[in-house]
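Here's the letter readout for the chains.
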Amino acid sequence: GLVGSEMCIRDRFKNRRKSLCLMTRKIDVTVFIALVAIGIAIVFSLGQDGNWDLANYHYYSVYALLNGRIGFDIVPSGIQSYFNPIADVPFYFLAKTFNNFPHFVMAVQSLYWSLCVFFVYLISKNIFKFDTKFGKFLTAFSTVIGGSGIISVVEAGSTFNDLTIALAALVVIFILTKNAFVKETKNLSLTLALCGAILGVATGLKPSGLIFSIGIF
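Residues numbered from 1 in each chain as written. Predicted model: local features only at pLDDT ≥ 70, side-chain atom pairs only at ≥ 80, totals over all residues. Heavy atoms only, no water.

## Looking at the overall build of the protein chain
In step 1: Of the regular secondary structure elements, the protein chain holds 10 helices and 0 strands.
In step 2: Starting at the N terminus and ending at the C terminus, the protein chain contains elements arranged as α-α-α-α-α-α-α-α-α-α.
In step 3: A buried classification covers 33% of the 217 residues belonging to the protein chain. (Helix = DSSP H or I, 4+ residues; strand = E, 2+ residues; numbered from the N terminus. Buried < 20%, exposed > 50% of the residue type's maximum accessible area, 1.4 Å probe, protein only.)

Set out below in structure tokens:
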């Protein structure tokens, strides 16, 4: 009867949504794995990081923090001696623990670039209709454009921490765009507070994060 037909249509609609969600997840996983591989390839092609800031203070600042040298060594790295060293803690322990395996350190450092581009992809999915061919094209195109910026590529695997701050900003943009197209956003204040906290931490780690805060809000 009519009721049976309606139930059949609902079941088909639910099954279609489930299959689309499953397909989308598979695409997301594939894209992430591909970006990790590309990030490692980029970093390996650029070679081991040896920038001046790393030699000057990125490694030393964490050493000073953990060994009671802050306030004892007088401005050893110039004004950079007073930069927040927390952002460099992961690299410090990574390099100290795996000092004899530089390629492993490089591969792990490349994840910042991969994650940044992956969130560009997720943001693009939020903005464009990913369930259409044109939406998929726009998502892919914007991801390529977003991930191929010369600064982001050159800094892949480095210790400048710009990609770390950019990742925080992209996470916030992802959260905001995820909720922008929902008619009724629950806990809007909590969502905005979370985004503000993320950007606040990013700015505390590196003052240039303030630029993203002003731009987003």
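## Quick notes on the pattern of salt bridges
In step 1: Overall, the coordinates contain 3 salt bridges when judged by the stated rule.
In step 2: Between Arg-69 and Asp-73 there is a salt bridge whose closest N-O contact spans 2.7 Å.
In step 3: Residue class for Arg-69 comes out partly exposed when judged on its relative accessible area of 28%.
In step 4: Notably, a salt bridge pairs Asp-162 with Lys-206, separated by 2.7 Å at the nearest N-O pair. Here Asp-162 is found in helix α8 (residues 162-180), whereas its partner Lys-206 is found in the loop between α9 (188-205) and α10 (209-216), with 44 residues between them in sequence.
In step 5: For Lys-206, a relative accessible area of 23% corresponds to the partly exposed category. (Salt bridge = Lys/Arg side-chain N within 4 Å of Asp/Glu carboxyl O.)

## Topic: the environment of Leu-192
In step 1: Its place among the elements puts Leu-192 in helix α9.
In step 2: Along the chain, Leu-192 and Ile-175 lie 17 residues apart, while their C-alpha atoms are 9.1 Å from each other.
In step 3: Apart from the residues within four sequence positions on either side, Leu-192 is in contact with Leu-176 and Phe-217. (Contact = heavy atoms within 4.5 Å.)

## Here's the deal with the packing of helix α2 (residues 52-66) against helix α3 (residues 89-97)
In step 1: The N-to-C vectors of α2 and α3 enclose an angle of 90°; their axes lie 10 Å apart at closest approach. By the angle between their directions, the pair α2 and α3 is classed as roughly perpendicular. Across the interface between the two elements, Leu-54, Tyr-59, Val-62, Tyr-63 and Leu-66 from α2 touch Val-89, Phe-91, Tyr-92, Phe-93, Ala-95 and Lys-96 from α3. (Axes fitted to C-alpha atoms, helices over the stretch in contact; angles between N-to-C directions. Parallel < 35°, antiparallel > 145°, perpendicular 65-115°, else oblique.)

## Notes on empty space enclosed by the protein
In step 1: For the structure shown, the criterion picks out 1 cavity of 30 Å³ or more.
In step 2: Its volume calculated, the largest cavity comes out at about 120 Å³.
In step 3: Lining the largest cavity we find 16 residues, and of these Gln-109, Tyr-112, Ser-158, Asn-161 and Thr-164 sit closest to its centre.
In step 4: Of all the secondary structure elements, the ones that give two or more residues to the lining of the largest cavity are α5 (111-127) and α8.
In step 5: No other element matches the 3 residues that α8 contributes to the lining of the largest cavity. (1 Å grid on protein atoms, 1.4 Å probe; cavity = no way out; pocket = protein on both sides within 12 Å on 5 of 7 lines; lining within 4 Å. Points joined across faces, edges and corners; volume = space filled by probe spheres on them.)

## Digging into the nonpolar core
In step 1: Counting 19 residues, the largest nonpolar core has Trp-113, Cys-116 and Leu-170 as the members making the most contacts within it.
In step 2: Elements that contribute at least two residues to this core include exactly α1 (2-46), α5 and α8.
In step 3: No other element matches α5, which puts 9 residues into this core.
In step 4: Those residues in contact with Cys-116, other than ones at most four positions away along the chain, are Leu-163, Ala-166, Leu-167 and Leu-170. (Core = buried A, V, L, I, M, F, W, Y, C linked by side-chain atoms within 4.5 Å.)

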